[in-house]
Amino acid sequence: MERKGLNWSVVFGLALLGFSRSMGWALNKGFSFPLLSDYTTSAFVKGSILALEGFIGLLVPPFLGYYSDTLKSGHGRRRPFIFVGGILSAVATLMIWTAYRMGVPLWGFALSLAFLYFSLHLYTAQFRALMPDTVESGQRGKASGVITLLEWAGNLFLFGLGGFLVAKYGKGYIGPFGLAALFLFMAAAFVYYKVREPEAPKIEENESLSEYVKSIFTTRDFLKFYTAQILWWMSFEFIAIFLYGILAFILYGSATEENINTVTPMGLYLMALFNVAVLLGSLPGGYIYDKVGRRLSIILGGLIFALPLLWGWFIHTSAQIYAALLVAGIGWGTLLAASYPVVGDLLTKFEKEAFTGRYYGVYEATKSIPVLLAGTIGGAIVDLAGGNYRILFPIGAVLVLIAMPLIWSMKELEVKNG
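Not measured: the values here are computed from a predicted model. Every chain begins its residue count from 1, and numbering advances along the sequence as written. Confidence filtering applies because this is a predicted model: local features only for residues at pLDDT of at least 70, side-chain atom pairs given and counted only at 80 or more, and all residues used for totals across whole chains, interfaces and linings. In computing side-chain properties, one takes all heavy atoms of the structure into account and sets aside hydrogens as well as water.

1. Details of the overall build of the chain
Stage number 1. Secondary structure assignment for the chain yields 16 helices and zero strands.
Stage number 2. By the convention used here, residues are in contact when the closest approach between their heavy atoms is within 4.5 Å. For the chain, the share of sequence-separated contacts (at least 6 apart) that also reach a separation of at least 24 residues comes to 85%.
Stage number 3. Roughly 15800 Å² of accessible area belongs to the chain as shown, and the carbon and sulfur atoms make up 68% of that amount. For the purposes of this entry, the term helix denotes a DSSP run of H or I that reaches at least four residues, the term strand denotes a run of E that reaches at least two, and both are numbered from the N terminus. Accessible areas in this description were obtained via Shrake-Rupley with a 1.4 Å probe; residue shielding takes into account the shown protein chains only.

Okay, here's the thing in structure tokens:
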């Protein structure tokens, strides 16, 4: 099916879906660590439970993405997963709040978190794949900028509202959970009923599962990109997972339950500020990707993100924390908007556009591996360092800097579009 220009109705549907999914993930990032702090003070235990997101994300998106590529359904290849996943995600957010308020044991609360991760990942690959399915290569940077903008606007909305509600009603208030559930359901229903997928391309020679996995390791540009993404997302997750512990350690000297409760509203506001900065970086990132160059735009975003992490070791005041996250957010927005279209463009280059589901499934898995590693390794590092959460800053910066030469050495990622 030949596509002409940019299909703005599809871009809007995907942006709305990204907005709602971001609310779900933001709920996890904003509330799970503080709620888990009521159960344990161990960074390793909390990090390991939050790392379940990475374990589930490593398994579910690649396999369901592979399956969706060959699904023959009158409802489309992607939309059935999106609809079912959206409904289950809405239910899961309410389950987390219910489990916490009922005072279930730690294992029960961990299971409710795991159900949210599973539900959101049911349609992760399908959400990602629908953009390159419907947008031609020369327009993907523009579409990515808009989708990234709304994704991080969802984070901003949840974090900003959450900070206000926690300060007013406490961290166990149902408001953020109920609102996230509502948006998750509505956005999935909107995409299912209003967005029409293009006709599925004919797959002349389908890759077997083993060929699919083999092709990732034998095609150097895919391997380099996926490896680089693991590194920069691990850097991000070090800070995202342990932000409340970092704040409590920097401002009060230790990450006790009392100190974490004190910094929870500030943490939510900081996440909101970070997402404002991501919004500022995302639209230029998409433009730079299409007009200036693929590799250069990714490297520029990575360097802007890494510099505040290097500074993080020397931060001592709340004003310095706000300034560092503002700069890091601009870099992160540029990096995300520039890196999202890469897989779609590589599939075009290697004539594998029929397989967007499976390759974006791996794309999402390489974002989940860092959660698994950052949660467990980061927690262990902090505990071994005597509760010094600040140590995560320089380690994160080094990971980003290691990723940049991998991107620059990609042979098939054109420097300029067209």
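2. Section: the pattern of salt bridges
Stage number 1. Take a side-chain nitrogen of Lys or Arg and a carboxyl oxygen of Asp or Glu: if they are within 4 Å of each other, that pair is a salt bridge. The full count for this structure, using the stated rule, is four salt bridges.
Stage number 2. A salt bridge links Lys171 to Asp38; the shortest N-O distance between them is 2.8 Å. Taken together, the residues span a long stretch of sequence, with Lys171 in the loop between α7 (140-169) and α8 (175-194) and Asp38 in the loop between α1 (8-36) and α2 (43-50) at a distance of 133 residues.
Stage number 3. With a 1.4 Å probe rolled over the protein chains alone, any residue whose accessible area is under 20% of its type maximum counts as buried; one over 50% counts as exposed, and the rest are partly exposed. Judged by relative accessible area, Lys171 falls into the buried class, the value being 11%.
Stage number 4. Under the relative-accessibility criterion, Asp38 is labelled partly exposed at 30%.
Stage number 5. Among the ionic contacts, a cluster of salt bridges with common partners joins Lys29, Glu53 and Glu237.

3. Considering the packing of α2 against helix α5 (residues 106-121)
Stage number 1. For helices, the axis comes from a line fit to the C-alpha atoms of the stretch in contact; other axes are also lines fit to C-alpha atoms, and the angle between any two N-to-C directions lies between 0 and 180 degrees. In contact at an axis separation of 9 Å, α2 and α5 are set at 35° when each is read in the N-to-C sense. Of α5, the residues touching α2 (which contributes Val45, Ile49 and Leu50) are Leu106, Ala110, Leu113 and Tyr117.

4. Thoughts on helix α4 (residues 79-102)
Stage number 1. Every helix has an expected span of 1.5 Å times one less than the residues it contains. Given a rise of 1.5 Å per residue, 24 residues ought to cover 34 Å, and the 35 Å separating the end C-alpha atoms of α4 matches this to within 8%.
Stage number 2. Looking at α4, one finds that the buried residues are Arg79, Phe81, Ile82, Gly85, Gly86, Ser89, Ala90, Ala92, Thr93, Ile96, Ala99 and Tyr100.
Stage number 3. Of the residues flanking the end of α4, it is Gly103, one or two places downstream, whose phi is positive at about 70°.

5. Looking at the packing of aromatic side chains
Stage number 1. A pair of Phe, Tyr and Trp rings is counted when the ring centres sit within 6.5 Å of each other, with Trp represented by its six-membered ring. The angle between the planes then sorts it: under 30 degrees is stacked, over 60 is edge-to-face, the rest tilted. Enumeration according to the criterion identifies 22 aromatic pairs in this entry.
Stage number 2. Taken together, a centroid distance of 6.3 Å and an interplanar angle of 20° make the contact between Phe33 and Tyr244 stacked. In this pair, Phe33 sits in helix α1 while Tyr244 sits in helix α10 (residues 220-252), placing the two residues 211 residues apart along the sequence.
Stage number 3. Relative accessible area serves as the criterion here: at 0%, Tyr244 is assigned to the buried category.
Stage number 4. Aromatic pair Trp233 and Trp332: ring centres 4.9 Å apart, planes at 80°, arrangement edge-to-face. Taken together, the positions of Trp233 in helix α10 and Trp332 in helix α13 (residues 318-339) put the pair 99 residues apart, joining distant regions of the chain.
Stage number 5. A residue is classified by how much of its surface remains accessible, and Trp233, at 8% relative accessible area, is buried.
Stage number 6. By relative accessible area, which is 0% here, Trp332 ends up buried.
Stage number 7. What links up through ring pairs into an aromatic cluster is the set Trp233, Phe236, Phe274, Phe305 and Trp332.
Stage number 8. Only when the NZ of Lys or the CZ of Arg is both within 6 Å of the ring centre and within 35 degrees of the ring normal is a charge said to sit over the ring. Of note, Arg21 hangs over the ring of Tyr123, and the distance from its end group to the ring centre comes to 4.7 Å.
Stage number 9. Above the face of the Tyr192 ring, Arg79 is positioned so that its terminal group lies 5.4 Å from the ring centre.

6. Considering α2
Stage number 1. Among all positions of α2, only Ala43, Lys46, Gly47, Ile49 and Leu50 are buried. Projected onto a plane normal to the axis of α2, the buried residues spread over an arc of 160° and lie on a single side.
Stage number 2. Identification of polar contacts relies on pairs of N or O atoms within 3.5 Å, with a donor-acceptor requirement for protein atoms, meaning one able to donate a hydrogen and the other able to accept it, and with residues adjacent in sequence counted only if both atoms are side-chain atoms. Looking at where α2 begins, the residue whose side-chain oxygen comes 3.3 Å from the main-chain nitrogen of Phe44 is Ser42. Taking the helix axis as origin, the arc is that swept by the directions to the C-beta atoms.

7. Brief notes about the side chain of His121
Stage number 1. Of note, His121 is situated in helix α5.
Stage number 2. On the basis of relative accessible area, His121 is assigned to the buried category, the value being 4%.
Stage number 3. Of note is the side chain of His121, whose polar atom sits 3.0 Å from the side chain of Thr124.

8. Focus: the environment of Ser68
Stage number 1. With respect to the helices and strands, the residue Ser68 is situated in helix α3 (residues 52-69).
Stage number 2. For Ser68, a relative accessible area of 0% puts it in the buried group.

9. Observations concerning the nonpolar core
Within soluble globular proteins, side chains that are nonpolar generally end up buried alongside one another.
Stage number 1. The biggest cluster of nonpolar side chains holds 121 residues, and the ones touching the most others in it are Phe225, Trp232, Trp332, Val343 and Tyr389.
Stage number 2. Of the residues forming this core, the biggest block, 21 residues, is contributed by α10. Only buried residues count toward a nonpolar core. Its members are Ala, Val, Leu, Ile, Met, Phe, Trp, Tyr and Cys residues joined through side-chain atoms within 4.5 Å.

10. Describing the side chain of Ser119
Stage number 1. Along the polypeptide, Ser119 turns up in helix α5.
Stage number 2. Residue classification places Ser119 among the buried positions, given a relative accessible area of 0%.
Stage number 3. Excluding residues that lie within four positions of it along the chain, Ser119 makes contacts with Gly85, Leu88, Ser89 and Ala92.

11. Overview of the packing of α1 against helix α6 (residues 124-134)
Stage number 1. In contact at an axis separation of 10 Å, α1 and α6 are set at 160° when each is read in the N-to-C sense. Classified by the angle between their axes, α1 and α6 sit roughly antiparallel to one another. Considering the relative orientation of α1 and α6, their crossing is left-handed. Seen from α1, the contacting residues are Val10, Leu14, Leu17, Gly18 and Arg21; seen from α6, they are Thr124, Phe127, Leu130, Met131 and Thr134. Small angles under 35 degrees read as roughly parallel and large ones over 145 as roughly antiparallel, with 65 to 115 read as roughly perpendicular and the rest as oblique. Helix crossings get a hand from a simple test, with the near helix turned counterclockwise from the far one by less than a right angle marking a left-handed crossing and a clockwise turn marking a right-handed one.

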